[in-house]
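Residues per chain, in single letters:
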Amino acid sequence: MTRVLVAVSGGIDSVVLLDRVIRNGMEVGVAHVHHGLRPESDEEYEFVRRLADKYDVPFHGKRLAFPNGGSQASYRTARYAFFEQVMQKFDYTQLMTAHHADDQLETVLIQLQRNVVEVTGIPERRPFAGGELVRPLLSEPKRELIAYAKRYGLEWREDASNATTEYLRNQVRHQIVPQLLASQPNLVQVVSETARHQRELWRTRYRQMENWIQDNVRLEMKAFHVKSDNLMCLNPVERYTVGRLLSMRYGVEVGTAIDRLLTSAQGSGHFDLEGSWGLRKQDGLLSLQATGQSLLAPHKQVVTTFPAHVVFGTSLFSLDVEDDTDGIPLEAIELPLIIRSVEAGDAMKLSIGTKKVARIFIDAKIPREKRPFVPLIVDATGRIIAIVGVRVSDFPDKSGAMCPRLMVK
Ligand SMILES: Nc1ncnc2c1ncn2[C@@H]1O[C@H](COP(=O)(O)OP(=O)(O)OP(=O)(O)O)[C@@H](O)[C@H]1O
């Protein structure tokens, strides 16, 4: 059952919203925050409380007080914190706010002015307090809300948001928007539609890029590895989207670093990111890593079925079982197989005895920095079966008889 908490400031927008949802027969409560910033705040508080009484719905009010006078942002944060508390305490599933199409136009203009990449305006819904924050009036121009209020004889208070102290929004609202509307009266609807399309477009892009990440990026606890030429196949918008998804996943702002590294002609490079993170391009691989540490090795993988196509760092190989006279006899190994990097103390059984993997690397002249990226195939008993592309363990079976064998290609 949907239980809606309507955020009512007392302005015309939220008064219309409240009336609308109550007429729609929804289960409703009213939340109002007394900012104490203006002399009228007391009267507004009383007005909203009486409004809730009139509709016979619960009222949740809160008086905010910042002793040293809070910023616009601190009032906003406190307001949403209160809405969250009320939702959780009284089991509301949706918070509704009365943002409308004129707010949307202002937001889009502000995003353009701030050079934001995703010019998508205000979203109509987003997860909030274990439920959702919904803005049902987002595609309705303010004049339609005024017409509604007059039609139903609603009463309201002058909207505090009209006197916003945010410099840029004030400028957009009082100077830029009136000028734009003078030459294109239906701009509010047009931009609201465009923003809606942009939101859909970006949603689709993020979905597509999630799939791309699953196929191309090795993810670890706190790192990702991706072949840089795979990334180069994407267009700049797709690369930006991958960067945003990774930023969200790891809580590290990757920003434009991916693009800058990939578009540089140099084969290797490094960018310091916020905190102690860095983005590195090296050996055709792009990696996110804690700065000061060596390139992180690709993560372990488990192979249980064949054929298996394995992407390990920059290596691509497949494992298959075939009836053959060559290859590793399947009966001599225990499944599943683990594909991993070299670890301290690793040794491999050879016909001449056991040999350290580190020694095998040295003999094969594999450079130190490349060693963590060479895949080792280890069976369930811990035996190292193969160092892919370097060496295969020797097994007692020398019969050369036809039997199921593991082939590494
Ligand atoms: N004091 C308040 N008490 C309850 N709800 C409020 C209050 N102020 C604003 N709201 C809700 O938020 C909506 C948007 O208001 P306003 O445009 O003033 O906020 P904003 O700070 O610009 O936007 P945002 O909430 O996205 O930051 C209102 O229509 C109303 O639903």
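Residues numbered from 1 in each chain as written. Predicted model: local features only at pLDDT ≥ 70, side-chain atom pairs only at ≥ 80, totals over all residues. Heavy atoms only, no water.

(A) Broad picture of the UniProt feature "binding site: ATP" (unreviewed entry) in the chain. Residues given the UniProt feature "binding site: ATP" (unreviewed entry) here are Ser 9, Gly 10, Gly 11, Ile 12, Asp 13 and Ser 14. Mapped onto the elements, Gly 10 comes out in the loop between β1 (3–7) and α1 (12–23). Residue classification places Gly 10 among the buried positions, given a relative accessible area of 1%. Once residues lying within four places of it in the same chain are set aside, the contact partners of Gly 10 are Val 15, Phe 47, Val 48, Trp 156 and Arg 157. With respect to the helices and strands, the residue Gly 11 is situated in the loop between β1 and α1. Those residues in contact with Gly 11, other than ones at most four positions away along the chain, are Trp 156, Arg 157 and Asp 159. (UniProt positions renumbered as here; feature names shortened; annotations may be inferred. Helix = DSSP H or I, 4+ residues; strand = E, 2+ residues; numbered from the N terminus. Buried < 20%, exposed > 50% of the residue type's maximum accessible area, 1.4 Å probe, protein only. Contact = heavy atoms within 4.5 Å.)

(B) The arrangement of the site of the ligand in detail. Around the ligand there are 16 residues in total, and Ala 7, Val 33, Arg 76, Arg 79 and Tyr 80 lie nearest to it. Arg 76 has a polar side-chain atom sitting 2.3 Å from an oxygen atom of the ligand. Here His 99 contributes a side-chain N or O atom positioned 2.9 Å from an oxygen atom of the ligand. In the complex, the protein chains occlude 84% of the 610 Å² of accessible area that the ligand would expose alone. Of all the elements in the fold, those that place two or more residues in the shell around the ligand are β2 (27–34) and α3 (72–89). In terms of residue count, the dominant contributor to the shell around the ligand is α3 (four residues). Here the residues of the shell around the ligand are counted per class, giving seven nonpolar, seven polar and two charged. (Near = heavy atom within 4 Å. Polar contact = N/O pair within 3.5 Å; in protein donor to acceptor, adjacent residues only side chain to side chain. Areas by Shrake-Rupley, 256 points an atom, 1.4 Å probe, with all protein chains shown as cover. Nonpolar A, V, L, I, M, F, W, Y, C, P; charged D, E, K, R; others polar.)

(C) Here's a closer look at the environment of Val 237. With respect to the helices and strands, Val 237 occurs in helix α9 (residues 236–250). Each C-alpha atom of the pair Val 237 and Glu 118 lies 9.9 Å from the other, and the pair is 119 residues apart in sequence. With residues up to four places along the chain from it excluded, the contact list for Val 237 reads Trp 202 and Arg 205.

(D) The sheet that holds strand β4 (residues 94–96), seen in detail. The sheet built from six strands is open, its strands ordered β3-β2-β1-β4-β6-β5 with mixed pairing. Where the open sheet ends on each side, the last strands, each with one partner, are β3 (59–63) and β5 (125–128). Neighbouring strand axes in the sheet, compared pairwise and without regard to direction, differ in orientation by 25° on average. In terms of strand pairing, β2 meets β3 through five bridges, oriented parallel. In the strand pairing of β3, His 34 is matched with Arg 63. Those strands touched by α3 are β1, β2, β3, β4, β5 and β6 (131–134), and its axis lies near 145° from that of β2. (Pairing = 2+ DSSP bridges. Axes fitted to C-alpha atoms, helices over the stretch in contact; angles between N-to-C directions.)

(E) The arrangement of the packing of aromatic side chains in detail. Tallied over the entire structure, the rule returns seven aromatic pairs. Ring geometry for Tyr 45 against Phe 59: centres 5.5 Å apart, planes inclined by 90°, an arrangement best described as edge-to-face. With a gap of 14 residues between them, Tyr 45 in helix α2 (residues 41–55) and Phe 59 in strand β3 connect regions that are remote in the sequence. Here the aromatic residues Tyr 80, Phe 82, Phe 83 and Phe 128 are joined through ring pairs into a cluster of three or more. It is Lys 54 that lies over the ring of Tyr 55; its NZ or CZ is 5.2 Å from the centre. (Phe/Tyr/Trp six-rings, centres within 6.5 Å; stacked < 30°, edge-to-face > 60°. Lys NZ or Arg CZ within 6 Å of the ring centre and 35° of its normal.)

(F) Fine view of the packing of helix α7 (residues 187–216) against α9. Packing of α7 against α9 leaves a shortest axis separation of 9 Å and a crossing angle of 75°. Taken together, the axes of α7 and α9 lie roughly perpendicular to each other. Two secondary-structure elements touch here, α7 through Trp 202, Arg 205, Tyr 206, Met 209, Glu 210, Trp 212 and Ile 213 and α9 through Val 237, Glu 238, Tyr 240, Thr 241, Val 242, Arg 244, Leu 245, Leu 246, Met 248 and Arg 249. Of the residues assigned to the contact of α7 with α9, the class counts are eleven nonpolar, one polar and five charged. (Parallel < 35°, antiparallel > 145°, perpendicular 65-115°, else oblique.)

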